[in-house]
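These are the residues of each chain, in order.
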Amino acid sequence: MKLKLTLLLSFILCISTVSAQQYRVAKSLKQTQPAKQIVWSPDGMLFACYGSGNTVRVYMADTSFAFSDIKTDEEVKEVWFSNDKKMLAVVSAKECNYYNLPDYTFIKSESFSTITWVAEFNTASISTIGRDHDSLVVNGKKSLPLNTLTSNNKHLSDFGIASAGKVKWGDYVLGTGYTILILSRDGTLRKMYGPTKSLITDITVSNDGKYIATKGEDKTIEFRDYGSGTLIGAVQSSSKSAGQDSGSISFSPDGKLLVSAGLDAYASLWDAEEQSLKNFLYGHIAKVNAARFSPKANVIATASDDSTLKLWIPVEVTNENMFDTLPKTSDKTFLTNTNSKQDSA
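### Looking at the layout of surface pockets
Point 1. Reported here for the second largest pocket is a volume of approximately 160 Å³.
Point 2. What lines the second largest pocket is simply E110, S111, F112, S113, T114, T116, T128, G130, D132, V137, G140 and K142.
Point 3. Residue assignment for the lining of the second largest pocket shows that the elements contributing at least two residues are β9 (106–111) and β11 (126–132).
Point 4. When the residues that make up the lining of the second largest pocket are grouped by side-chain class, the tally is 2 nonpolar, 7 polar and 3 charged.

### A short note on the pattern of salt bridges
Point 1. Enumeration over the complete set of coordinates arrives at 8 salt bridges.
Point 2. A salt bridge links R190 to D171; its shortest N-O distance comes to 2.7 Å. Separated by 19 residues along the polypeptide, R190 in strand β19 (residues 189–193) and D171 in the loop between β16 (161–166) and β17 (172–176) bring together distant segments of the chain.

### Observations concerning the packing of aromatic side chains
Point 1. Tallied over the full model, the rule gives 9 aromatic pairs.
Point 2. A centroid spacing of 5.1 Å and a plane angle of 50 degrees characterise the contact between W40 and F47, whose relative ring orientation is tilted.
Point 3. For W40, a relative accessible area of 11% translates into the label buried.
Point 4. We classify F47 as buried; its relative accessible area is 0%.
Point 5. Their ring planes at 15 degrees and their centres at 6.2 Å tell us that Y211 and F251 sit as a pair that is stacked. In this pair, Y211 sits in strand β21 (residues 211–216) while F251 sits in strand β24 (residues 249–251), placing the two residues 40 residues apart along the sequence.
Point 6. Relative accessible area serves as the criterion here: at 6%, Y211 is assigned to the buried category.
Point 7. Assessed through its relative accessible area of 7%, F251 is described here as buried.
Point 8. One aromatic cluster is present, built from ring pairs that chain together W40, F47 and Y59.
Point 9. The ring of W117 carries K77 above its face, with NZ or CZ at 4.5 Å from the centroid.

### A word on the sheet that holds strand β13 (residues 141–145)
Point 1. One open sheet holds the 4 strands; their spatial order is β10-β11-β12-β13, and the pairing between them is antiparallel. Single-partner strands in this sheet number two, and they are β10 (116–121) and β13. Each strand axis lies, on average, 25 degrees off the axis of its neighbour in the sheet, ignoring direction.

### Some points on the sheet that holds strand β7 (residues 87–91)
Point 1. The 4 strands lie next to each other as β6-β7-β8-β9, forming an open sheet whose pairing is antiparallel. Strand pairing shows two members of the sheet lacking a second neighbour, β6 (78–81) and β9, which therefore form its edges. Adjacent strand axes in the sheet meet at a mean angle of 15 degrees when their direction is disregarded.
Point 2. Here β7 pairs with strand β8 (residues 95–100) via 5 bridges, running antiparallel. Along β8, the bridge assignment pairs A89 with Y98.

### A few points about a negative patch on the surface
Point 1. Together, D208, D254, E273 and E274 make up a negatively charged patch on the protein surface.
Point 2. Tracing the backbone shows E273 in the loop between β26 (266–271) and β27 (276–282).
Point 3. By relative accessible area, E273 is classed as partly exposed at 40%.

Cut-offs used in this document
Residues numbered from 1 in each chain as written. Predicted model: local features only at pLDDT ≥ 70, side-chain atom pairs only at ≥ 80, totals over all residues. Heavy atoms only, no water. 1 Å grid on protein atoms, 1.4 Å probe; cavity = no way out; pocket = protein on both sides within 12 Å on 5 of 7 lines; lining within 4 Å. Points joined across faces, edges and corners; volume = space filled by probe spheres on them. Helix = DSSP H or I, 4+ residues; strand = E, 2+ residues; numbered from the N terminus. Nonpolar A, V, L, I, M, F, W, Y, C, P; charged D, E, K, R; others polar. Salt bridge = Lys/Arg side-chain N within 4 Å of Asp/Glu carboxyl O. Phe/Tyr/Trp six-rings, centres within 6.5 Å; stacked < 30°, edge-to-face > 60°. Buried < 20%, exposed > 50% of the residue type's maximum accessible area, 1.4 Å probe, protein only. Lys NZ or Arg CZ within 6 Å of the ring centre and 35° of its normal. Pairing = 2+ DSSP bridges. Axes fitted to C-alpha atoms, helices over the stretch in contact; angles between N-to-C directions. Patch = residues over 30% accessible without salt bridge, like charges linked within 9 Å, V, L, I, M, F, W, Y side chains within 5 Å. Areas by Shrake-Rupley, 256 points an atom, 1.4 Å probe, with all protein chains shown as cover. Lys, Arg positive; Asp, Glu negative; His and termini not counted. Charge placed at Lys NZ, Arg CZ, Asp CG, Glu CD.

Set out below in structure tokens:
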């Protein structure tokens, strides 16, 4: 009897812990193909979604109005909004096409000599990080000989770049192999952390610069102190699906929560400070490929193989108030495109 009571109390405690942060689906947006990735503009007023094809669909955040489809000649690898929200960059394997905002007219195309990842997008053009054989290439210039650096007893040049991102005060942060590299804008190596438990598939930094989080192909998420690289804690996905986990991770605007996508039809919400599970986001019927917090609001966007993009908000927030922290875009300059498409919620 005492054992049964103890197990019951443990179960209740577990349920209360996981359900401490409840989110619900506010809007479900239909896509023409499986949705693979989501990108928010720096101010959180726009977001874009793309799949494994060559089409990017751009939405206004406060109305979920899809006002532009951009088609490219090659499969889309990355999409970036410029920091001033005047341009959009659509990146394929070795090319970047620039489009004007808000009318999405084509501006120019830029070719890369190596496979390249975007580190930031300022007012005129993107900043890039690539790899040419055994060296990193930062903004077109070789900067770091990877064959002199080792990770988990292997040369870093043996690995590709999982992802690259920019911390607001100017560092470039990227994951390659089992190692985190922090570079200055000129490509100088500032810090190197690791090794991680498994091969890095995604990396992100909290807005306050407190944490670095990495996602490994073995479904492990590791949290590190940004300044020292000290491993603070790690969590393991509850997924029972087989395969290498390449789903995204993303911090909330205040850095207290982290959302992750993986191999299942749900996303997971984690406490970044306690490194513990908060809740699951159930609502998709196929694999969730990406989950991203808005940079300016407590809103999560998820993209799934079920060809939908969903917006999630805390249960206590109404749909009308979900973007109250943002300026309103409705009926303003962003509605100038005549090829607009309205998706049903």
